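In case you want the letters, here they are:
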Amino acid sequence: MPDNKKVFSLPLFLGVDVGGTNIKLGVVDDLGQTVCYTKFPSQADQSPEPTIQQIRPLIEKLLSEQGYSFDDVAAVGVGTPGPMDIERGRLLTPYNMPGWHHYPIREKLQSATGKPVTYTNDAGAAAFGEYWIGSGRQYSSMILITLGTGVGCGIIVQDVSIDGAHSHGAECGHIIIDTSPEALICSCGKAGHLEAYASATGIVARAKSALCSHPESTLNGSNKESSPLSALAVSQAADAGDALALELVKETAEYLGRGIATLAHIIDPEAFILGGAVDFGGDKTPLGRSFLDGVIAETRRLIFPVLGAELVVNFAKLGGDAGFIGAAGMARSQFKKSASL
Ligand SMILES: [Zn+2]
């Protein structure tokens, strides 16, 4: 969040984090410090044009309140949900943004702001934010895995986001962790993917199927129309000592460990960072720390000992700000590369 006492280092970079519910806008300085920030509803079922047009005037006003002008902004970075075509600078068909389908966002934002625009996946942007100034800042390669409604992922190796040939290079939520006939179905429609087990949606699905054989669990009280079962309810019940909820958290750690083991063998990054709302309290709580220990133990059990000895898994630091900070950071990285040519 903005801090008026800070001295900011020019040039500035604008990050735009487009989500199905909100658009978060933030200007950060050359060190990643937030100069100003705002957010507004994305109105994802309508044409994006009015939304894109209001970004520059809004930021000009916020910057002038801080004693800066839009001329101080060197470049813009924008992240959106997939599927997308990064090379062509356009969204494809994100299911929760029907009004934005096939929108050429890079070109439109470039003409609306008059600045060069770097376009990326929202999870890649969040990963870059953690890599630049968050939990990954001391590492030259890292993977951010976000546990929320789904499982998102961004892979950064030496300043570069691994986007792949078709803009879907870091879809780690769809790593296959279960090939049995009973495997859970993922939101993408395929069976046995990590997201079907370790996301909030997956945790609720596993909790519901376990409840009938655990009538003693306090989660039965949460599974009503007035208070539907949620990953947060599972976390709170586990915190209060409910045996079924604790088992669900332990299993979530194990499923995530399987996904991380696969990634460790493919990418061998210096660190894995866990972000998103499903953190079981994070490193400030015993439950969160035991979840993290469970992830590390299961990963170590499955990977080469040499990788296990070096394994680092930590919680993310930037929360919901990671997306706009990382989008701005990627724009900065691109800007510096262009300037040095
Ligand atoms: Zn899937």
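Since the model is a prediction, treat every value here as computed from it, not as a measurement. (Residues numbered from 1 in each chain as written. Predicted model: local features only at pLDDT ≥ 70, side-chain atom pairs only at ≥ 80, totals over all residues.)

**Focus on the overall build of the chain**
Here comes step 1: Looking only at helices and strands, the chain features 10 helices and 12 strands.
Here comes step 2: For 341 residues, the compact-globule estimate of 2.2 N^0.38 gives 20 Å, and the C-alpha radius of gyration of the chain, at 21 Å, lies within 12% of that figure.
Here comes step 3: Each principal axis of the C-alpha distribution contributes one length, and for the chain these read about 60 × 50 × 40 Å.
Here comes step 4: Evaluated residue by residue, the chain yields a buried proportion of 48% over its 341 residues. (Helix = DSSP H or I, 4+ residues; strand = E, 2+ residues; numbered from the N terminus. Rg over C-alpha atoms; globule rule 2.2 N^0.38 Å. Buried ≥ 20, exposed ≤ 12 C-beta atoms within 10 Å, placed from the backbone.)

**Quick look at the sheet that holds strand β2 (residues 22-28)**
Here comes step 1: Across the sheet, which stays open at both edges, the five strands sit in the order β3-β2-β1-β4-β7 with mixed pairing between neighbours. Among the strands making up the open sheet, the edge pair consists of β3 (34-41) and β7 (117-121). Here the average twist between neighbouring strands, direction ignored, is 15°.
Here comes step 2: With respect to the sheet, helix α1 (residues 49-65) is in contact with β1 (12-18), β2 and β3, its orientation differing from that of β2 by roughly 40°.
Here comes step 3: Of the strands in this sheet, β1, β4 (73-80) and β7 touch helix α3 (residues 122-133), which is tilted by about 105° from β7. (Pairing = 2+ DSSP bridges. Axes fitted to C-alpha atoms, helices over the stretch in contact; angles between N-to-C directions. Contact = placed C-beta atoms within 7 Å.)

**With respect to the sheet that holds strand β8 (residues 141-147)**
Here comes step 1: Reading across from one edge, β10-β9-β8-β11-β12 is the order of the five strands in this open sheet, with mixed pairing throughout. Two strands lie at the open edges of the sheet, namely β10 (160-161) and β12 (313-315), each paired on one side alone.
Here comes step 2: Here strand β11 (residues 271-275) runs beside β12; their pairing, made up of three bridges, is parallel. Counted as the bridge partner of F272 is V313 from β12.

**Some words on the domain arrangement of the chain**
Here comes step 1: In terms of domain boundaries, the chain breaks down into domain 1 (12-121 + 320-340) and domain 2 (137-316).
Here comes step 2: Summarising the inter-unit geometry, the C-alpha centres of domain 1 and domain 2 are found 29 Å apart.
Here comes step 3: Each partner contributes residues to the interface: domain 1 has 10 residues there, and domain 2 has seven residues.
Here comes step 4: Mapped by element, the contributors of at least two residues to the side of domain 1 that touches domain 2 are β5 (84-85), β7 and α10 (322-340).
Here comes step 5: In terms of residue count, the dominant contributor to the side of domain 1 that touches domain 2 is α10 (three residues).
Here comes step 6: Here the side of domain 1 that touches domain 2 is built from residues that sort into five nonpolar, four polar and one charged. (Domains from an automatic or database assignment. Nonpolar A, V, L, I, M, F, W, Y, C, P; charged D, E, K, R; others polar.)

**Thoughts on the nonpolar core**
Note on soluble globular proteins: their nonpolar side chains tend to be buried together.
Here comes step 1: If you look at the biggest cluster of nonpolar residues, it comprises 102 residues, and the most contacted ones within it are V16, V27 and V234.
Here comes step 2: The element best represented in this core is helix α7 (residues 243-266), accounting for 11 residues.
Here comes step 3: Three or more residues apiece are contributed to this core by two domains, here domain 1 (12-121 + 320-340) and domain 2 (137-316).
Here comes step 4: Among all residues touching V16, those that are not within four sequence positions of it are I23, L25, I55, V76, G77, V78, F324 and A327. (Core = buried A, V, L, I, M, F, W, Y, C linked by C-beta atoms within 7 Å.)

**Description of the environment of V249**
Here comes step 1: On the secondary structure map, V249 appears in helix α7.
Here comes step 2: A residue is classified by how many C-beta atoms lie within 10 Å of it, and V249, with 25 of them, is buried.
Here comes step 3: Between the C-alpha atom of V249 and that of Y95, which follows or precedes it by 154 residues, the distance is 29 Å.
Here comes step 4: Other than its neighbours up to four places away in sequence, V249 contacts V234, A238, F280, L287 and F291.

**A short note on helix α2 (residues 105-113)**
Since one α-helical turn is 3.6 residues long, residues separated by three or four positions face the same way.
Here comes step 1: Every buried residue of α2 is accounted for by I105, R106, L109 and T113. With its buried residues spanning 95° around the axis, α2 presents them on a single face.
Here comes step 2: On its buried face, α2 is in contact with α1, β4, β6 (90-91) and β7.
Here comes step 3: Once α2 finishes, G114 follows within two positions and takes phi at roughly 75°, a positive value. (Arc of directions from axis to C-beta.)

**A closer look at the environment of G67**
Here comes step 1: By the element assignment, G67 lies in the loop between α1 and β4.
Here comes step 2: Along the chain, G67 and E195 lie 128 residues apart, while their C-alpha atoms are 45 Å from each other.

**Examining the pairing of β1**
Here comes step 1: With seven of seven residues buried, β1 is to be regarded as a mostly interior element.
Here comes step 2: Residues L12, L14, V16 and V18 of β1 are buried on one face, and the alternating residues F13, G15 and D17, pointing to the opposite face, are buried as well.
Here comes step 3: Relative to β4, β1 is paired through six bridges, and the arrangement is parallel. Within β4, the residue paired with F13 across the bridge is A75.

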